[in-house]
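# Structural overview
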Amino acid sequence: MKNLQQPDWFQPQRQSASGLLIILYKAVITFIKAIWPILVIILFRESSGKSVGLQLMVTVIGILVLVSSLINFYYFRFFIQQENMVVRKGLINKKTITIPLKNIQAVHIEQTWMHQILKIARVKIDTAGTDKAEATIDAIAIEKAAMLRTFLMDNEKVETDLVNKPAE
């Protein structure tokens, strides 16, 4: 592992630039899953004016999905603010997720084959009382992901130690 300086988690952070490829890949897969019936019709239908309209519609929807993914990537931020992990995302549909540091139960670091090639990871933050991750950062440098996990879990441990420490 490289000897990186600890990031300032109190300043808004972006996902890794190479993570843009992961986000575009996810958008393309989602797009194909959503419109595969139309793609089958286009491929096996005889050439006609209606087929050109379907092709144009698929192209426009594909471009909109890619632009939306780029915008979502650009407007995604995460940081620590007043003992909370804050994740902000979206331009039109803005969403802010605020997780008290004391409620964080686990921080998972995952890597798909694409993450491994790009030397990035996905970080999932779990809290008690839910089956799914409260927040997910899709693309962050591996070293930075490990430092974030250490920061979040150590912060939780320090708070627990202070609460459980007997009075002197």
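No experiment lies behind these values; they were computed from the predicted model shown. (Residues numbered from 1 in each chain as written. Predicted model: local features only at pLDDT ≥ 70, side-chain atom pairs only at ≥ 80, totals over all residues. Heavy atoms only, no water.)

## Focus: the sheet that holds strand E4 (residues 104-110)
Read from one edge of the open sheet, three strands run E4-E5-E6, paired in antiparallel fashion. Of all strands in the sheet, those bounded by a partner on one side alone are E4 and strand E6 (135-141). Strand after strand, the sheet turns through a mean of 20° between neighbouring axes, direction not considered. Across five bridges, strand E5 (residues 120-127) lies against E6 in antiparallel orientation. (Pairing = 2+ DSSP bridges. Helix = DSSP H or I, 4+ residues; strand = E, 2+ residues; numbered from the N terminus. Axes fitted to C-alpha atoms, helices over the stretch in contact; angles between N-to-C directions.)

## Remarks on the packing of aromatic side chains
Counted by the stated rule, this structure contains five aromatic pairs. Relative to Phe 151, the ring of Phe 10 has its centre 6.1 Å away and its plane inclined at 85°; by these criteria the two rings are edge-to-face. Taken together, the residues Phe 10 in the segment before helix H1 (19-44) and Phe 151 in helix H4 (residues 142-164) connect sequence positions 141 residues apart. With 5.1 Å between their ring centres and 85° between their planes, Tyr 74 and Tyr 75 make a pair best called edge-to-face. The partly exposed category is assigned to Tyr 74, whose relative accessible area is 44%. The partly exposed category is assigned to Tyr 75, whose relative accessible area is 36%. The structure contains a cluster of three or more aromatic residues connected by ring pairs, namely Trp 9, Phe 76 and Phe 78. The aromatic ring of Tyr 74 is capped on one face by Arg 77, whose charged end is 5.7 Å from the ring centroid. (Phe/Tyr/Trp six-rings, centres within 6.5 Å; stacked < 30°, edge-to-face > 60°. Buried < 20%, exposed > 50% of the residue type's maximum accessible area, 1.4 Å probe, protein only. Lys NZ or Arg CZ within 6 Å of the ring centre and 35° of its normal.)

## Looking at the pattern of salt bridges
When charged atoms on two side chains of opposite charge get close, those side chains can pair. Across all of its chains, the model carries four salt bridges by this definition. Here Asp 138 ties to Lys 26 by a salt bridge, and the two come within 2.9 Å at their closest N and O atoms. Remark: Lys 26 occurs in helix H1 and Asp 138 occurs in strand E6; sequence separation between them is 112 residues. Note on Asp 138: relative accessible area 16%, which makes it buried. Linking Arg 122 and Asp 138 is a salt bridge whose minimum nitrogen-to-oxygen distance equals 3.3 Å. Taken together, the residues span a long stretch of sequence, with Arg 122 in strand E5 and Asp 138 in strand E6 at a distance of 16 residues. Of the two residues, Arg 122 and Asp 138, neither departs from the other in class, the shared state being buried. (Salt bridge = Lys/Arg side-chain N within 4 Å of Asp/Glu carboxyl O.)

## Observations regarding the confidence of the model for the chain
Summary statistics for the chain give a mean pLDDT of 83 and a share of 86% for residues scoring 70 or more. Contacts for the low-pLDDT stretch residues 159-163, under 50 throughout, to residues beyond four places or in other chains number two contacts. (pLDDT = per-residue confidence, 0-100. Contact = heavy atoms within 4.5 Å.)

## Side note on the environment of Ile 32
Looking at the element boundaries, Ile 32 is found in helix H1. For Ile 32 and Gly 62, which are 30 residues apart along the polypeptide, the C-alpha to C-alpha distance reads 8.9 Å.

## Some remarks on the sheet that holds strand E2 (residues 84-89)
Taken in spatial order, the three strands of this open sheet run E1-E2-E3, and their pairing is antiparallel. The open sheet is flanked by strand E1 (77-81) and strand E3 (95-100), the only strands paired with a single partner. Looking at each pair of strands side by side, their axes are set apart by 20° on average, direction ignored. Bridge count for E2 against E3 is six bridges, and the pairing is antiparallel.

## Quick notes on unusual backbone geometry
Here the phi dihedral of Gln 82 falls at roughly 50°; this positive angle occurs in a residue that is not glycine. As for its placement among the helices and strands, Gln 82 is situated in the loop between E1 and E2. The exposed category is assigned to Gln 82, whose relative accessible area is 68%. Phi angles above zero are rare outside glycine, and Lys 119 is one such case at about 60°. Position of Lys 119 relative to the elements: it lies in the loop between helix H3 (113-118) and E5.

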